[in-house]
Amino acid sequence: MTAIIQLLSLMFLYSLIWFVPVTINYNRRKAGRSAYWSLFLSTLVLEIAVVIAVYYALGGGSQNIFLAYLPPLVASVLAGLFYIYLAKFLDKKYR
C-alpha cells in the first residue's frame, strides 16, 4: 500500500510542474501587468529540461524515494525565479 501511495504522489507531483508558471502568469494578469506568453512557454520548456537534468544528475535509476521527489521541486523553484526575474526585467524595459 505504501508503494501505491508513493507512486500516486509522484505522479501528482510530476503532473503539477506546469503549475508555477501558470500561477505567476495568472497573478500578473490579475494585477494588471502584461503576461509574456513567449516567456511563459520558454519557462515551461526550461522547467521540463531542469526536471530531466536533475533526475539524471541524482541517479535516475536510484531506488531512493527522496531523490524521486526532488527534481520537480528544484525545477519549480528555478522556473519560478526565472519567470519572475525576466518578467521584472521586461517590465522595466517596456515601461
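Refer to the preceding data block for the structure.
Residues numbered from 1 in each chain as written. Predicted model: local features only at pLDDT ≥ 70, side-chain atom pairs only at ≥ 80, totals over all residues. Heavy atoms only, no water.

Chemist: What is the right way to read helix α2 (residues 19-30) from this model?
Modeler: For an α-helix, the turn length of 3.6 residues means that residues three or four places apart are oriented alike. Between its first and last C-alpha atoms α2 spans 16 Å; for 12 residues at 1.5 Å apiece the expected length is 16 Å, and the two agree. Among all positions of α2, only Pro 21, Ile 24, Asn 25 and Arg 28 are buried. Seen from one end, α2 has its buried residues packed into an arc of 95°, which puts them on one side. Every exposed residue of α2 that faces more than 90 degrees away from the buried side is listed here: Tyr 26 and Lys 30. Its buried side turned inward, α2 meets α3 (37-57) and α4 (65-94). (Helix = DSSP H or I, 4+ residues; strand = E, 2+ residues; numbered from the N terminus. Expected span 1.5 Å × (residues − 1). Buried < 20%, exposed > 50% of the residue type's maximum accessible area, 1.4 Å probe, protein only. Arc of directions from axis to C-beta. Contact = heavy atoms within 4.5 Å.)

Chemist: How do you make sense of the packing of aromatic side chains when you look at a structure like this?
Modeler: Where two aromatic rings form a pair, the distance of their centres and the angle of their planes describe that pair. Overall, the coordinates contain 3 aromatic pairs when judged by the stated rule. Here the aromatic rings of Trp 18 and Phe 19 are separated by 5.9 Å at their centres, their planes lie at 75°, and the arrangement is edge-to-face. You can call Trp 18 partly exposed: its relative accessible area is 40%. Consider the rings of Trp 37 and Phe 40, whose centres lie 5.8 Å apart with planes at 85°: the pair is edge-to-face. With Trp 37 and Phe 40 both in helix α3 and 3 residues apart, the pair spans about one turn of that helix. The partly exposed category is assigned to Trp 37, whose relative accessible area is 46%. Judged by relative accessible area, Phe 40 falls into the buried class, the value being 11%. (Phe/Tyr/Trp six-rings, centres within 6.5 Å; stacked < 30°, edge-to-face > 60°.)

Geometric values such as these leave the question of function open.
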